[in-house]
Amino acid sequence: MGSVDNSLLIQAVLCGIFAYLAAQGTPWFLGAQTGSFYLLSRPLVAGLVSGIIMGDVYKGITIGAAVQTVFLSCVAVGGAVSADLPFASYIGIPIAIQFSLQESISHTSSEPVTVAITLASALAVLGLFAHNAMNSINMLWLHRGLKDLDNNNIKKYFVTSFIFSQITTFFIRFTPAFLAIWLGSNYVNDLIANLPEKLLHSLSVLGGVLPALGIAILMQQTIKKNMLFIYFLTGFMFVSALHINMISLSIIGALLAYFHYNYDSNGENRVASSKNNQNQDDEEVL
Amino acid sequence: MKEQEVKINKRVLKKSFWNWFFFQLGCMNFETIQGPGFTQSMVPIAEALYPNDKKKQSEMLKRHVHFYNIEPHVGSVVNGMAASFEEGVANGKISPEIVRTTKVGLMGPIAGIGDAIIQGMILPLLLSIGISLSYGPSNTGSLIGPLFYIFTFLPVAIGLSYWLYMKGYELGFSSVEIIMGPHIKKITTSLNILALVIIGGISASYISVETPIKIGGMALQSQLDNVFPKVLSLLTVIFCYSLLKFPKVTTLKLMSLLLVVSITFSYLGIL
């Protein structure tokens, strides 16, 4: 039994560390946005990592891919984050893997996936609080750092802004993930077994609705003129009615973009083209 | 004798780029978002332009701690430009004020292009291909899925970002003309169109809103699918999109609303 507890402790520590590394703003793994927000926090990658930690890589990957479909449009546009993934990825997925490895509980193969999506949806909301807490605490470090610059101490500015702030972020991210895996995983199995069917169903409904939020944020950013909405509808219709795959769709999108670039003679370009027309007119007169 | 002009060499530029790459969102905060990250990327530049003068170095760095928010990969073009501007300031060619106003002016347009390219196109495309490769031939899971995503995204992100940084430095002022000119608006709109088509496709594949309601023994969902497939998913996006237009609706509020609505509707048997 001792060795089992030890391995759970190590797994909990590793999940905690990855929940920290995956947080937006953690620089140590390939950059504070590239490696953390765009790579480690994505459930597709987290499935691989958690699979290695929990001892079943392939289960991890299939569960991660299923969770990724819910959070495909996890975006951060203009500072507004649509969902915060580190907890969803490094608490939800590991617990689902552990649940699927429990032999004492009989379950179908799709059940761990439902568990993962359910937990991840709830944890993505909770994660937003951690994200906001980090952003608030870092304001303190920002002002401490400005003081260092006032004292012409550039080295200390670095330490304040990027070491001290990372220590507070570490506690915000590591602690919940570590405790959830270490203490929670035993309870979670019982909890999920006893959860009312209706609640599980409503959380899976939420999992289906949630991608709409990230997409809406992206649309707000990209639709500058209402007419552009038609391109969104086009993409939607191609997949919903004609069932084409993403690569084919991106080629159609590229074609439409090319058409717009080459043949749009009004709108934003009106000034330039009317100038051209005037030039041509002038030439004709001459 | 006239003092010799200071020039930033390639080694310093590379150092500045990697500083940006790693610390772009470090110390992210509500007040200045990426202000500290941008400042950190300017540290090697300051050290090269004002060697052995800590006071002037910090003076220059303090110009960069203001509110700054951009898509970091495409946004690295601004870091390159800022480096070339600061070189001009150090040589007394331009006033320090211009650096800041240019940065603030470029922030909006470049964040727009960057989000369309990275979050609207590259990420959803690579992720959805990664997802489909993850299940493997017999649904038992395949390493190719996540590895495909990691090893396509990283080179694209790092390569694009590095190239744009160096271009930004090279072009300096003329890149402002390119970015603010009439040409770029057309490019932005075209990129937005491509992104919107992909976002539309993503919505249709991954939002699933279905109703179990039956009217006179007929499933309402299949009736709806005959009229317009996945119309409920489409209405959900339009609902979220139109609510986000109100400035008072924050992401957290909308998310809580979705949570409440999905639980209530599923208990009522509507969803």
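> Is there a simple way to think about the confidence of the model for chain B in this case?
Residues and elements named next belong to chain B. Of the residues in chain B, 99% reach a pLDDT of 70 or more, and the chain-wide mean stands at 90. The secondary structure element of chain B with the lowest average pLDDT is helix α7 (residues 173–180), at 78, and the one with the highest is helix α1 (residues 10–23), at 96. Of the two predicted TM-score estimates for the complex, the pTM is 0.87 and the ipTM is 0.88.

> Help me understand the packing of aromatic side chains in this model?
The geometry of an aromatic ring pair comes down to the distance between the two centres and the angle between the two planes. Counted by the stated rule, this structure contains 30 aromatic pairs over all chains. Ring centres 5.5 Å apart and planes at 80° place the aromatic pair A:Tyr38 and B:Phe153 in the edge-to-face group. You can see A:Tyr38 sitting in helix α2 (residues 31–40) and its partner B:Phe153 sitting in helix α6 (residues 144–171), one on each of two chains. Ring centres of A:Phe232 and A:Phe236 lie 6.4 Å apart, and the angle between their planes is 40°; on these two criteria the pair is classed as tilted. With A:Phe232 and A:Phe236 both in helix α10 (residues 229–240), this residue pair falls 4 residues apart, about one helical turn. Look at A:Phe236 and you get buried, because its relative accessible area is 0%. Through pairs of rings, three or more aromatic residues link up here, namely A:Tyr20, A:Phe170, A:Phe171, A:Phe174, A:Phe178 and A:Trp182. The ring centre of A:Phe37 lies 4.8 Å from the NZ or CZ of A:Arg42, which sits over that ring. Just above the ring of A:Tyr261 sits the side chain of B:Lys186; from NZ or CZ to the centre is 5.6 Å.

> I tried to follow a positive patch on the surface on my own but got confused; where do I start?
On the surface, a cluster of positive charge is made up of A:Lys155, B:Arg11, B:Lys15 and B:Lys54. Position of B:Lys15 relative to the elements: it lies in helix α1.

> Just to check I follow, could you spell out the pattern of salt bridges for this structure?
For side chains of opposite charge, pairing can occur when their charged atoms come near one another. In total, this model carries 8 salt bridges over all chains according to the counting rule given. As a salt-bridge pair, A:Asp56 and A:Lys59 come within 3.8 Å of each other at their nearest N and O atoms. According to the relative accessible area criterion, A:Asp56 is buried, its value standing at 19%. Between B:Glu5 and B:Lys93 there is a salt bridge, with its nearest N and O atoms 3.3 Å apart. Here B:Glu5, found in the segment before α1, pairs with B:Lys93, found in the loop between α4 (72–90) and α5 (96–134); they are 88 residues apart in sequence, far enough to count as distant. Overall, B:Glu5 belongs to the partly exposed group, its relative accessible area being 45%.

> What am I meant to see in the layout of surface pockets here?
Over the atoms, a rolling probe the size of a water molecule traces out where space has been left empty. Residue and element names in this part refer to chain B. Taken as a whole, the largest pocket holds about 390 Å³ of empty space. Residue lining of the largest pocket: 18 residues in total, with Val77, Leu164, Ile178, Ile179 and Ile184 positioned closest to the centre. Secondary structure elements with two or more residues in the lining of the largest pocket: α4, α5, α6, α7 and α8 (182–206). Take the lining of the largest pocket: its biggest share by element is 6 residues, from α6. In terms of residue class, the lining of the largest pocket is made up of 14 nonpolar, 3 polar and 1 charged.

Basis of the calculations
- Residues numbered from 1 in each chain as written.
- Chains lettered and ligands numbered in written order.
- Predicted model: local features only at pLDDT ≥ 70, side-chain atom pairs only at ≥ 80, totals over all residues.
- Heavy atoms only, no water.
- pLDDT = per-residue confidence, 0-100.
- Helix = DSSP H or I, 4+ residues; strand = E, 2+ residues; numbered from the N terminus.
- Phe/Tyr/Trp six-rings, centres within 6.5 Å; stacked < 30°, edge-to-face > 60°.
- Buried < 20%, exposed > 50% of the residue type's maximum accessible area, 1.4 Å probe, protein only.
- Lys NZ or Arg CZ within 6 Å of the ring centre and 35° of its normal.
- Patch = residues over 30% accessible without salt bridge, like charges linked within 9 Å, V, L, I, M, F, W, Y side chains within 5 Å.
- Areas by Shrake-Rupley, 256 points an atom, 1.4 Å probe, with all protein chains shown as cover.
- Salt bridge = Lys/Arg side-chain N within 4 Å of Asp/Glu carboxyl O.
- Lys, Arg positive; Asp, Glu negative; His and termini not counted.
- Charge placed at Lys NZ, Arg CZ, Asp CG, Glu CD.
- 1 Å grid on protein atoms, 1.4 Å probe; cavity = no way out; pocket = protein on both sides within 12 Å on 5 of 7 lines; lining within 4 Å.
- Points joined across faces, edges and corners; volume = space filled by probe spheres on them.
- Nonpolar A, V, L, I, M, F, W, Y, C, P; charged D, E, K, R; others polar.

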